[in-house]
Amino acid sequence: MRRATTSCLIAVAIAVVASGGDVRPRAEGYTPEYSKYLTVEGVSRKIHTLVTQFPLFVKARRFSSLQGRPILALMVANHTLARVDLLQQTQLFFSSGEHAREFLPVEVTLGFVEHVVSGALDGTCSWCHTVINSATLVVVPLLNPDGRAHIERTTNYCWRGTSRGVDINRNFQWNFGGQGASRLQTDEEYCGTAPLSEPESRVLVTLATAFAFDGFLSLHSGIKQVYVPYADSISRKTGSSPLYKNLMLAMARRMAQAAAGFTSGPAETLNTYAADGTVFDYMAGVQKIPVALAVELWGTGDGPDRHCFDLFNPAAHDLEEVVASLIPLLRVFVFDVLAVKSDLMAARLRQQHETYGLSVATAGCLLSLVALLLACSKLKVAPRCRLLQGTRR
């Protein structure tokens, strides 16, 4: 009887761990000091400042959350270049602030943008100048403003989801609602009522559809790891992997080496749990973005001495130093994608050939002809237009 009871308790414990946890508040070791950390309104003000101070490099597009708060996407590039030149640049996509309690990734993405544009403008950063003139960065610093506003209102630093408790990083069309998510609204991994049920999730899909992204990075915190897709429960069983897995593994290793204490590898091996419906699996598996990674930027993982805020975020007095220490990691991501751009283009042309029977030379000539026609006629290209439209499924 005692053995049976023990087995039952173990089974219940495993079930609780597998389904995530609730989001009730805990006693905190420390909390954010808003003289250092940005509030929801502070994020909007910071973005407005960047757009105002660096109009040649930073533009913003506004979306809305479920409760009507702004979700701002930054378009970071040399906007003095002709549109046809911008379309031919390497295009990179960054998303942070998906989980409300993870304050640090928001600070890091905005810190990285500010470092790049200020360094490019005043000439103090040569690599920043290269980024501005070679790439277009689309950056969503705070995807979940309603969840963050909930934390500010309630001081519940364990809150992870949107205003209605949906985990955005379980709400995408990649094994949605599988074992690595929860259908319980009280669970921190609640996936929502349907794929893309949340307007916040649809913001990323809209942007992914509007651009031909070469790279995507989803930023989180809680430990120091760089993940390669896939993370879902089905892929863990079948061994399914993305097309450019080896390329991504090499990039993830270099990113991990750029900052102290990081490890890297496939999500299925780094994590002891599955995660279904994640944004980086969706970007790799559905949008077919060649390089799609996730990174957790800070922390040592959960433990008996951890609460909520200190599990995901450094103390305010360490924030500036931590943000500065993580810029090299993002720099490696950008430059690695820049370096393999030509290889990715060649791979896309080969894929075009396999799909439509075009030779690589013919496809290249067609691309050159399109670029020439655009330059000569000065056509205004709609945001949804893509080069190599047929290669992304």
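Scroll up to find the structure.
About the thresholds
Residues numbered from 1 in each chain as written. Predicted model: local features only at pLDDT ≥ 70, side-chain atom pairs only at ≥ 80, totals over all residues. Heavy atoms only, no water. Helix = DSSP H or I, 4+ residues; strand = E, 2+ residues; numbered from the N terminus. Expected span 1.5 Å × (residues − 1). Contact = heavy atoms within 4.5 Å. Core = buried A, V, L, I, M, F, W, Y, C linked by side-chain atoms within 4.5 Å. Buried < 20%, exposed > 50% of the residue type's maximum accessible area, 1.4 Å probe, protein only. Arc of directions from axis to C-beta. Pairing = 2+ DSSP bridges. Axes fitted to C-alpha atoms, helices over the stretch in contact; angles between N-to-C directions. Parallel < 35°, antiparallel > 145°, perpendicular 65-115°, else oblique. Nonpolar A, V, L, I, M, F, W, Y, C, P; charged D, E, K, R; others polar. Phe/Tyr/Trp six-rings, centres within 6.5 Å; stacked < 30°, edge-to-face > 60°. Lys NZ or Arg CZ within 6 Å of the ring centre and 35° of its normal.

This part is about helix H9 (residues 245-257). Since the α-helix turns once every 3.6 residues, residues separated by three or four places project in the same direction. An ideal rise of 1.5 Å per residue puts 18 Å on 13 residues; H9 measures up with 18 Å between its terminal C-alpha atoms. In this structure, the buried side of H9 is in contact with strand S5 (215-220), strand S6 (224-228), strand S7 (263-266), strand S8 (291-297) and helix H13 (319-339).

By size, the foremost hydrophobic cluster in this structure holds 73 residues, and its most contacted members are Leu74, Phe94, Leu104, Leu137, Leu217 and Phe333. Here this core gets 12 residues from one element, more than from any other, and that element is H13. Each residue touching Leu137, except ones within four places of it in the same chain, is listed here: Leu74, Met75, Val76, Leu92, Phe94, Phe112 and Val131. Judged by nonpolar contacts, the second largest core, of 34 residues, contains Phe63, Ile71, Leu204 and Ala292.

This brings us to helix H2 (residues 40-53). For H2, which comprises 14 residues, the first-to-last C-alpha distance of 20 Å matches the rise-based estimate of 20 Å (1.5 Å per residue) to within 8%. Among the residues of H2, Val40, Gly42, Val43, Ile47 and Leu50 are the ones counted as buried. With its buried residues spanning 160° around the axis, H2 presents them on a single face. In H2, the exposed positions that point more than 90 degrees away from the buried face belong to Glu41, Arg45, His48 and Thr52. Looking at the buried side of H2, the elements it contacts are strand S1 (58-64), strand S2 (70-76), helix H4 (104-122) and helix H6 (145-154).

Strand order in the open sheet made by the eight strands is S1-S2-S4-S3-S5-S8-S6-S7, with mixed pairing throughout. Each of the sheet's edge strands pairs with one partner strand only, and the pair in question is S1 and S7. Looking at each pair of strands side by side, their axes are set apart by 20° on average, direction ignored. Bridging between S5 and S8 involves six bridges; their strand directions are parallel. What sits directly across from Leu219, in S8, is Val295. Contacting S1, S2, strand S3 (90-95) and strand S4 (135-140), helix H7 (residues 199-210) runs over the sheet at an angle of about 135° to S1.

Below, the discussion takes up the packing of H2 against H4. At their nearest, the axes of H2 and H4 sit 11 Å apart, and the two run at 10° to each other. Here H2 is positioned roughly parallel relative to H4, judged by the angle of their axes. Here Val43, Lys46, Ile47 and Leu50 of H2 lie close against H4, whose contacting residues are Val106, Leu110, Val113 and Glu114. The residue makeup of the contact of H2 with H4, split by class, is six nonpolar, no polar and two charged.

This part covers the packing of aromatic side chains. What the rule picks out here adds up to 14 aromatic pairs. Cluster of aromatic residues (ring-pair linked, three or more members): Tyr30, Tyr37, Phe103, Tyr157 and Phe309. Over the ring of Phe103 we find Arg148; its NZ or CZ atom is 3.7 Å from the centre of that ring. Taking the ring centre of Phe335 as reference, the NZ or CZ of Arg331 above it sits at 5.0 Å.

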